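A look at the structure
Each chain is listed here by its residues.
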Amino acid sequence: MTQSDQDAPKNAPENVTETPTPPVFDRIFQKQFIDLLLWRRDVRRFRTDPIPKTDIDDLIKEACLAPSVGNCQPWRFVKVNDKHRRRAIRDSFERANQEALDDYHGERAKLYASLKLQGMDQAPIQLAVFADEETEAGMGLGRKTMPEMLDYSAVAAVQLLWLAARVKGIGVGWVSILEPETVLKTLEVPGHWRLIAYLCIGYPEEDHVVPELVREGWQDRIDPSALTLER
């Protein structure tokens, strides 16, 4: 019998282990964390160097540490490797992008047309993220009046993956100009899965602290004070 066995309460459940000491995040780490947030970018310009499979698997594991409503963990990941499926999704982007362009006029249309809005041709990894909207995990806790919490939970997983990738020097680009039904059919996933994100993943050509859409003059950052109310 180990010392920890001797010290454990006699009525403690068998699966309970000793509680580890929580870490202390000092000021150096706090500053580094802010740097991580500042330098996380929506990357669209990738190098074609391959990403080790273990790195991608680690990113998915780290994404799965995200909070989820009722601890239901509704996120589902699909590694899109097949070139024909990639081509079909690339074609979906072209159709959706043309429709979006048609909504703009004049100088704004010219600027939109000049933007690089996806990195599917260069990024070595393409990863689709879905929310399983019929999952039985969590037994419906927290979803009665806000069923959309399933989707929000999957978004939280995407954000963790994004930050974890940046720590490893890997870039992530979120492609939202797509036809969701086309992606579902192309990837042959269950119809009750909802597309949350289509991610391009790879090493970025260069790092920037300023978002590309700011650099290109599309939209500046909004001051947080303009987005906050008090009641």
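Scroll up to find the structure this text is about.
Residues numbered from 1 in each chain as written. Predicted model: local features only at pLDDT ≥ 70, side-chain atom pairs only at ≥ 80, totals over all residues. Heavy atoms only, no water.

1. Observations concerning the packing of aromatic side chains
- Taken as a whole, this structure holds 6 aromatic pairs when the rule is applied.
- Arranged with centres 5.8 Å apart and planes meeting at 50°, the rings of tryptophan 162 and tryptophan 174 form a pair that is tilted. Separated by 12 residues along the polypeptide, tryptophan 162 in helix α6 (residues 149–167) and tryptophan 174 in strand β3 (residues 171–175) bring together distant segments of the chain.
- With relative accessibility at 8%, the residue tryptophan 162 sits in the buried group. (Phe/Tyr/Trp six-rings, centres within 6.5 Å; stacked < 30°, edge-to-face > 60°. Helix = DSSP H or I, 4+ residues; strand = E, 2+ residues; numbered from the N terminus. Buried < 20%, exposed > 50% of the residue type's maximum accessible area, 1.4 Å probe, protein only.)

2. Considering the sheet that holds strand β1 (residues 75–79)
- Overall, antiparallel pairing links the 4 strands, which are arranged β1-β2-β4-β3 in an open sheet. What marks the edges here is a single partner per strand, and that holds for β1 and β3. On average, each strand axis in the sheet is tilted by 30° relative to the strand beside it, whichever way the strands run.
- Pairing analysis gives 5 bridges linking β1 to strand β2 (residues 125–132), with the strands arranged antiparallel. Residue pairing in the sheet places valine 78 in a bridge with alanine 128 of β2.
- Across the sheet, helix α3 (residues 53–63) lies against β1, β2 and β4 (193–202), angled at about 165° from β1, the strand it touches most.
- Taken strand by strand, α6 contacts β1, β2, β3 and β4, and its axis lies near 5° from that of β4. (Pairing = 2+ DSSP bridges. Axes fitted to C-alpha atoms, helices over the stretch in contact; angles between N-to-C directions. Contact = heavy atoms within 4.5 Å.)

3. Some words on the pairing of β2
- Within β2, 8 of the 8 residues are buried, which leaves the element mostly enclosed by the surrounding structure.
- Burial of the side chains of β2 extends over both faces: Ile125, Leu127, Val129 and Ala131 are buried on one face and Gln126, Ala128, Phe130 and Asp132 on the other.
- Two strands pair when backbone bridges link them, and β2 and β4 are joined in this way by 8 bridges, in the antiparallel orientation. Bridge pairing in β4 links alanine 128 to tyrosine 198.

These results come straight from atomic positions and should not be treated as a statement about function.
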